[in-house]
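# Chain and residue survey
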Amino acid sequence: AAAKHSRVGGNSGNSSPTISQRNSEANLEAAEGRTSMNGPVEAVAAAAGSAKPLFTRHTRAIVWGMQSRAVQGMMDFDYVCSRSKPSVVAMCYPLTGDHKQKFYWGHKEVLVPVYKNMDDAMKKHPEADVLVSFASLRSAYESTVEALNYPQVRTIAIIAEGIPENLTRKLVKMAHEKNVSIIGPA
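Summarised in this report is the structure supplied together with it.

Cut-offs used in this document
- Residues numbered from 1 in each chain as written.
- Predicted model: local features only at pLDDT ≥ 70, side-chain atom pairs only at ≥ 80, totals over all residues.
- Heavy atoms only, no water.
- Patch = residues over 30% accessible without salt bridge, like charges linked within 9 Å, V, L, I, M, F, W, Y side chains within 5 Å.
- Areas by Shrake-Rupley, 256 points an atom, 1.4 Å probe, with all protein chains shown as cover.
- Salt bridge = Lys/Arg side-chain N within 4 Å of Asp/Glu carboxyl O.
- Buried < 20%, exposed > 50% of the residue type's maximum accessible area, 1.4 Å probe, protein only.
- Pairing = 2+ DSSP bridges.
- Helix = DSSP H or I, 4+ residues; strand = E, 2+ residues; numbered from the N terminus.

### Looking at a nonpolar patch on the surface
Among the surface-exposed residues, F77, Y79 and V80 lie close enough to one another that they form a single nonpolar patch of about 350 Å² accessible area. On the basis of relative accessible area, Y79 is assigned to the partly exposed category, the value being 41%.

### Let's talk about the pairing of strand 4 (residues 108-115)
With 2 bridges joining them, strand 2 (residues 88-92) and strand 4 adopt parallel strand pairing. Counted as the bridge partner of M91 is V114 from strand 4. The hairpin turn running from strand 3 (residues 99-105) into strand 4, its antiparallel successor, is 2 residues long, and G106 in that turn takes a positive phi close to 70°.

### Some words on the pattern of salt bridges
Following the criterion strictly, the structure yields 5 salt bridges and no others. Close ionic contact of K123 with D119 constitutes a salt bridge, the shortest N to O distance being 3.0 Å. Residue K123 and its partner D119 are both found in helix 4 (residues 118-124); the two are separated by 4 residues, about one turn of the helix. The salt bridge partner of E177 is K173, with a shortest N-O separation of 3.1 Å.

Structure, rendered in structure tokens:
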């Protein structure tokens, strides 16, 4: 065990392992079947001290914003990881009417519903437990507060930059009270 925590990876003499070392150890434990979780992602979360993983192989997400390129990238990643179905179940964008957007799942085309309001998206996709928010800094706070009202949401990733610190602190406090993990804002 002492060899595991040597100065490899820039540990610079600290006795505690680096994040990289903890992640490598968690991945090794998962590969050897020594964890009670579902895979490396869950093992890394456990090694980092998280009470629950942020994402699993069963994660289903709603993407806030018309970010077709990002959604296609998520679907391509899901496909090459051999997921049985895409992680993105819907998109939400208030400046358009309800419609379907075409994406590729491998060589097949799939249609992803786009909803004008989050309430419709959440009600029609109760399996969605993650929100990936591409909302601008002008609407990210309000859309995140709205998402926190849905008990199915357990993780929110906020991509926006420039959200004032006082609003970010409010979001973090609200999320903590509802046991929701927040990633971001930048």
